Amino acid sequence: MFKHIVLTSLLLLISACSSSPDWDYDKSVEFGNYKTFAWAPDAKLQASASDYQINELMEKRVRAAIAQTLSSQGITLVEQANADMLINYHASVESKIEADTLNTSYGVRWNYWGWGVQTHTTTREYDVGTLVIDVIDNTSKQLVWRGAKEGRLRNKQTPEQREASINKTVADILQNFPPKVQH
């Protein structure tokens, strides 16, 4: 089941499971020309009444983390009309099932049906969250860069833990923006 999630899930996902970010970009774009940014008009995590983690608090954390990371790269937040690029972001959560099977007996034993090995299987349901950050050229309105990171979500975090997780996740995603030239 796929449901949209706020930054909390994103932050939880990154802190619990250390996956590598994934990037894609238009190789024909000169990213050095991007010095200013604004929020895309639809840049907002979708709120869901059934998920307590989707809320304005997480929205603020994600925006603050993106703005701080881009600012540290010398990219300034401005009004949309004056921006070189627009930033969009979204998050999603997917439930997954994990199963572990353990051999509960050593060796092979004789049972009613013949020889056999006893095993025990345990299953757990968990949530995986994904945060996606898009960079859109403000002139052409075309997507020019996308970064994403997913990870297993953790619940019951303090506001400070949530903020730290979001900051790390966003920094991880944006570590390849602007893209490094490959030789």
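Residues numbered from 1 in each chain as written. Predicted model: local features only at pLDDT ≥ 70, side-chain atom pairs only at ≥ 80, totals over all residues. Heavy atoms only, no water.

A. Fine view of the overall build of the protein. Within the protein, the regular secondary structure consists of three helices and nine strands. For the protein, the N- to C-terminal ordering of α and β elements is β-α-β-β-α-β-β-β-β-β-β-α. Within the protein, the fraction of its 183 residues that count as buried is 42%. Once local pairs closer than 6 in sequence are excluded, the contacts in the protein between residues at least 24 apart make up 80%. Accessible surface for the protein amounts to roughly 10900 Å². Of this, 51% is attributable to carbon and sulfur atoms. (Helix = DSSP H or I, 4+ residues; strand = E, 2+ residues; numbered from the N terminus. Buried < 20%, exposed > 50% of the residue type's maximum accessible area, 1.4 Å probe, protein only. Contact = heavy atoms within 4.5 Å. Areas by Shrake-Rupley, 256 points an atom, 1.4 Å probe, with all protein chains shown as cover.)

B. Layout of helix α2 (residues 56–72). With 17 residues, α2 should cover 24 Å at 1.5 Å per step; its first-to-last C-alpha distance of 24 Å lies within 8% of that length. Within α2, burial applies to Met58, Glu59, Arg61, Val62, Ala65, Ile66, Thr69 and Leu70. All buried residues of α2 project into a common sector of 165 degrees when viewed along the axis, lining one side. Exposed positions of α2 whose direction lies more than 90 degrees from the buried face are Glu56, Leu57, Lys60, Gln68 and Ser72. Directly after α2, the chain includes Gly74, whose backbone phi takes a positive value near 85 degrees. (Expected span 1.5 Å × (residues − 1). Arc of directions from axis to C-beta.)

C. Inspection of the environment of Glu56 at higher detail. The topology assignment puts Glu56 in helix α2. The exposure class assigned to Glu56 is exposed, which follows from its relative accessible area of 60%.

D. Broad picture of the side chain of Asn88. Counting through the fold element by element, Asn88 comes out in strand β5 (residues 85–103). Residues within four places of Asn88 in sequence aside, it is in contact with Ala40, Asp42, Ala43, Lys44, Val132, Ile133, Asp134 and Ile136.

E. Representation of the pattern of salt bridges in the model. Inspection of every chain in the model, using the stated rule, returns four salt bridges. For Arg63, the salt bridge is made with Glu59, and the minimal N-O distance between the two is 4.0 Å. Note that Arg63 and Glu59 are positioned in helix α2 at a spacing of four residues, about one turn of the helix. For Arg63, a relative accessible area of 25% translates into the label partly exposed. Note that Lys168 is salt-bridged to Asp172, the shortest N-O span being 3.0 Å. (Salt bridge = Lys/Arg side-chain N within 4 Å of Asp/Glu carboxyl O.)

F. Broad picture of the packing of α2 against helix α3 (residues 159–174). At a closest axis distance of 9 Å, the pairing of α2 and α3 adopts a crossing angle of 45 degrees. By the angle class used here, α2 and α3 are oblique. As α2 packs across α3, the resulting crossing turns out to be right-handed. Residue-level inspection shows Met58, Arg61, Val62, Ala65, Ile66, Thr69 and Leu70 of α2 in contact with α3, the latter providing Pro159, Arg162, Glu163, Ile166, Asn167, Val170, Ala171 and Leu174. (Axes fitted to C-alpha atoms, helices over the stretch in contact; angles between N-to-C directions. Parallel < 35°, antiparallel > 145°, perpendicular 65-115°, else oblique. Left-handed = near helix turned anticlockwise from the far one by under 90°.)

G. Spatial organisation of the environment of Asp22. Position of Asp22 relative to the elements: it lies in strand β2 (residues 22–25). Distance from Asp22 to Lys149, taken between C-alpha atoms, is 6.3 Å for residues 127 residues apart in sequence. Beyond its immediate sequence surroundings of up to four residues, Asp22 is in contact with Arg146, Gly147 and Ala148.

H. Local environment of the nonpolar core. Grouped together as the largest cluster of nonpolar side chains are 32 residues, with contacts concentrated most on Ile66, Ile87 and Phe177. Only β3 (36–39), α2, β5, β8 (119–137), β9 (143–152) and α3 provide two or more residues apiece to this core. Dropping the residues within four chain positions of it, Phe177 is found in contact with Phe31, Tyr34, Leu70, Gln73, Ile75, Met85, Val135 and Trp145. (Core = buried A, V, L, I, M, F, W, Y, C linked by side-chain atoms within 4.5 Å.)

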